[in-house]
Amino acid sequence: MGSIYGIDLGTTYCAASVFQSQTTINVAVDENRATLASEVFLEDDGDGLRAYVGSRAFDAMKDAVDGEGKFIVGSKREMGTLLDARGYREPPWRFGSWAYDPRDVASLILRKLALEVGRQRPSDPVKRAVITHPAFFPIPAKEATKQAAELADIEVVDTITEPGAAALAYGVQSKGAGKYVVFDLGGGTLDVTLLDIDGNGTIHLVHHDGERALGGIDWDRELLGIVVEQFCQSYTDVDFDRDADERTQSIWLRRARDLKIDLSNSDSVRAARFDLRCNGEVLRQKATVTRGQFEARCAGLLRRCEAVVERAMQQAGWRWPNVSDVLLVGGSTRMPMVRDLLSRMASREIRPHLAPDHCVAAGAAFRGAMISRGSGDGGGSPLEVTDGATTAAPADLVLPAMRDTTARDLRVLVRQIGGAETCDLVIPRGTATPHRQSVHYETAHDNQETITVRLFEGEDESPDINTPVGTVLVTGIPKRPSGQPVQISFDVSHGGCLEVVVTDEGSGTSVRSRLDVANASVTDLDARRAHLSAIHVE
């Protein structure tokens, strides 16, 4: 049936890994690079729509005529979250007659990734995959990620949290029991996961916390702010937000990111040229920024990171003296200010143990190997994570078992006698996965033939405060008087994705229903698939 690939679908970069011959191989996915930039440039070349993905997207955007095409970055942050006061708003990227939502963008990225893997491994194309997502992603975002893969004709055999995948990769390399903090700071999200490796090598992910809008792109924007301030001091009539078009702003943000990378590798002053066309004239200036300036500017971002770690430690009842180590995941952990922060909190120097750009995809590939071998809980075969190479694993090294947990409370909306609506707790935060939880309710009306199950995530009984997850519509209930017993079972996967089974206890009829997720409805997938399949991806 072919390999099950591990795919890290990141905000800034993506990666693909596959288990083969007792190793994981990181497959080149962008002109011999091991990572694919999560960027898309759409254009209409007269013969139809074309999507440039990865490094070619930025180059195509720079070469495009002003005002032509659409450059999209950072789409993962919007996955499954397009809510306004009415519960819906238009997708954020419009090009031509089509409004692209995050599923569309992710599907184009996945198509490009699969295309590149197919070129490298023509006899083993990407047909099935384990795809990663942030642990703190809400259920709608997880389901939207799965739908994006479906739109790219990739079967998602399972999902796994990004820190869970990194922990799996680390557990393969480590033989030491202990308590670990996984600090995963990627391009767009922060996940903090507390894990415990027991004496048998089993990995227990005991607590998740995070921010889904905190990542490297925020550091890029702070650095861009420094550059813009310097530019406007030299050209006092310039208003960057007013005078810089979308193309210019994208180019400046990329150069700010490059400058950030330089400052992460050296504490000396770096210079970069920034151009702005204004009133028919090209204004130019070299920006100079020191690491000290950059770190001072980002102090607020670091405080947010610190608050997430402290909250996770406090809620789990952990203390730093009992923590064995901190595992750094995500490219943004390369910034010295991030490592310095964690070293100060832990009262010891924190160093990297994993390849931050590749370990998540490798862990997902391990999960795929477990599924292929029918060993969903791990154990049995020696495996090892490698950084872009194939290295034989020691004969005594086995893939450990892993136990993940839910990151949020799951609740179901119940109408009480008198009409008041409350959110009943079904599965509390911190429940080990995979997990099934069944609850019993009664039909509300005589001759009721349908049941609508509305789900929420959050810690409050009020539906107005919690986050909508979606609905399950069950039809075909036999007509009977009100008060008939109904059992609703919630199945949560390893990665926290949800399926719902509704059983009419009177007839014994069970229906496994697909969740119609808030802002990731399955009803429009056919139309989206038809539109996206007509786009040429390169």
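Our subject is the structure that appears above.
Residues numbered from 1 in each chain as written. Predicted model: local features only at pLDDT ≥ 70, side-chain atom pairs only at ≥ 80, totals over all residues. Heavy atoms only, no water.

Enquirer: I'd love a proper account of the overall build of the chain, names of residues and values included.
Expert: A count of helices and strands for the chain gives 12 helices and 29 strands. Counting every position in the chain, which comprises 538 residues, the buried fraction comes to 56%. A sequence separation of at least 24 residues applies to 69% of the contacts in the chain between residues at least 6 apart. Working note: accessible area of the chain is about 22700 Å², and carbon and sulfur atoms make up 45% of it. (Helix = DSSP H or I, 4+ residues; strand = E, 2+ residues; numbered from the N terminus. Buried < 20%, exposed > 50% of the residue type's maximum accessible area, 1.4 Å probe, protein only. Contact = heavy atoms within 4.5 Å. Areas by Shrake-Rupley, 256 points an atom, 1.4 Å probe, with all protein chains shown as cover.)

Enquirer: With reference to specific residues and values, describe the sheet that holds strand S17 (residues 325-329).
Expert: One open sheet accounts for six strands, arranged S17-S12-S13-S14-S18-S21; its pairing is mixed. Two strands lie at the open edges of the sheet, namely S17 and strand S21 (432-433), each paired on one side alone. The pairing of strand S12 (residues 178-185) with strand S13 (residues 190-197) spans eight bridges and is classified as antiparallel. When the bridges of S13 are listed, Gly 178 appears paired with Ile 197. The sheet contacts of helix H9 (residues 299-316) involve S12, S13 and strand S14 (203-211), and relative to S14 the element is tilted by about 140°. (Pairing = 2+ DSSP bridges. Axes fitted to C-alpha atoms, helices over the stretch in contact; angles between N-to-C directions.)

Enquirer: Describe the nonpolar core, listing the residues and the values that go with them.
Expert: Among the nonpolar cores identified, the biggest contains 51 residues, and Phe 183, Val 192, Trp 219, Trp 252, Phe 294 and Trp 320 are the most heavily contacted of them. In contact with Val 192, not counting residues within four places along its chain, are Val 181, Val 182, Phe 183, His 207, His 208, Asp 209, Val 308, Val 309 and Ala 312. Grouped together as the second largest cluster of nonpolar side chains are 43 residues, Leu 42, Ile 72, Ala 129 and Ala 152 included. (Core = buried A, V, L, I, M, F, W, Y, C linked by side-chain atoms within 4.5 Å.)

Enquirer: Now, about the layout of surface pockets: what can you tell me, with residues and values included?
Expert: In this structure, the second largest pocket spans a volume of roughly 620 Å³. What lines the second largest pocket is a set of 18 residues, and nearest its centre among them are Leu 413, Arg 415, Glu 442, Ala 444 and Thr 452. When contributions to the lining of the second largest pocket are tallied by element, the ones reaching two or more residues are strand S19 (410-415), strand S22 (435-442), strand S23 (451-457) and strand S25 (485-492). Residue composition of the lining of the second largest pocket, by class: nine nonpolar, five polar and four charged. (1 Å grid on protein atoms, 1.4 Å probe; cavity = no way out; pocket = protein on both sides within 12 Å on 5 of 7 lines; lining within 4 Å. Points joined across faces, edges and corners; volume = space filled by probe spheres on them. Nonpolar A, V, L, I, M, F, W, Y, C, P; charged D, E, K, R; others polar.)

Enquirer: Let's hear about H9: which residues, and what values?
Expert: Relative to the 26 Å expected for 18 residues at 1.5 Å per residue, H9 spans 26 Å between its end C-alpha atoms, a close match to the ideal helical length. Buried residues of H9: Leu 301, Leu 302, Cys 305, Glu 306, Val 308, Val 309, Ala 312 and Met 313, and no others. All buried residues of H9 project into a common sector of 155° when viewed along the axis, lining one side. Turned more than 90 degrees from where H9 packs its buried face, Arg 303 and Gln 314 sit exposed. (Expected span 1.5 Å × (residues − 1). Arc of directions from axis to C-beta.)

Enquirer: Help me get a handle on the state of the cysteines, residues and values and all.
Expert: Applying the stated criterion to the full structure yields zero disulfides. Residue Cys 305 stays outside any disulfide, its sulfur separated by 9.9 Å from that of Cys 298, the closest cysteine. (Disulfide = S-S within 2.5 Å.)

Enquirer: A description of the packing of aromatic side chains should follow, citing residues and the corresponding values.
Expert: Evaluation of the coordinates by the stated rule reveals five aromatic pairs. The positively charged end of Lys 76 is found above the aromatic ring belonging to Phe 137, 6.0 Å away from the centroid. Positioned above the aromatic ring of Phe 136 is the side chain of Arg 408, whose terminal nitrogen or guanidinium carbon lies 4.2 Å from the ring centre. (Phe/Tyr/Trp six-rings, centres within 6.5 Å; stacked < 30°, edge-to-face > 60°. Lys NZ or Arg CZ within 6 Å of the ring centre and 35° of its normal.)

Enquirer: Describe the side chain of Arg 254, with residues and values.
Expert: The residue Arg 254 is located in helix H7 (residues 246-265) in this model. Owing to a relative accessible area of 15%, Arg 254 belongs among the buried residues under this scheme.

Enquirer: I'd like a rundown of the pattern of salt bridges, residues and numbers included.
Expert: Evaluated as defined, the whole model comprises 35 salt bridges. As a salt-bridge pair, Glu 538 and Arg 56 come within 3.0 Å of each other at their nearest N and O atoms. Note that Glu 538 is positioned in the segment after strand S29 (536-537) and Arg 56 in helix H1 (residues 55-63), a separation of 482 residues in sequence. On the basis of relative accessible area, Glu 538 is assigned to the buried category, the value being 14%. Put simply, Asp 101 and Arg 103 hold a salt bridge, and the shortest N to O gap is 2.8 Å. The exposure class assigned to Asp 101 is buried, which follows from its relative accessible area of 4%. Taking the relative accessible area as the measure of exposure, Arg 103 reaches 3% and is therefore buried. Residues participating in the shared-partner salt-bridge network are Asp 45, Arg 50, Arg 56 and Glu 538. (Salt bridge = Lys/Arg side-chain N within 4 Å of Asp/Glu carboxyl O.)

Enquirer: Requested: an account of the packing of helix H2 (residues 102-120) against helix H12 (residues 525-533), with residues and values cited.
Expert: Interhelical geometry of H2 versus H12 gives an angle of 45° and a closest axis separation of 11 Å. If you check the angle between H2 and H12, you find them oblique. Seen from above, H2 lies across H12 with right-handed handedness. Contacts between H2 and H12 involve Arg 103, Asp 104, Ser 107, Leu 108 and Arg 111 from the former and Leu 525, Arg 528, Leu 532 and Ser 533 from the latter. Grouping the constituent residues of the contact of H2 with H12 by class yields three nonpolar, two polar and four charged. (Parallel < 35°, antiparallel > 145°, perpendicular 65-115°, else oblique. Left-handed = near helix turned anticlockwise from the far one by under 90°.)

Enquirer: So what's going on with the packing of helix H5 (residues 216-234) against H7? Which residues, and what values?
Expert: Where H5 meets H7, the axes come as close as 8 Å, and the angle between the chain directions of the two elements is 105°. Comparing the axis directions of H5 and H7 gives the class roughly perpendicular. Contacts between H5 and H7 involve Gly 216, Trp 219, Asp 220, Arg 221, Leu 223, Leu 224, Val 227, Val 228 and Phe 231 from the former and Trp 252, Leu 253, Ala 256, Arg 257, Leu 259, Lys 260 and Leu 263 from the latter. Looking at side-chain class alone, the contact of H5 with H7 contains 11 nonpolar, one polar and four charged residues.

Enquirer: Give a description of helix H11 (residues 359-372) that names residues and reports values.
Expert: The end-to-end C-alpha separation of H11 is 20 Å, in line with the 20 Å expected for 14 residues at 1.5 Å each. Extensive coverage of H11 is indicated by the burial of 12 of its 14 residues. Count one or two residues on from H11 and you reach Gly 374, which has phi positive near 70°.

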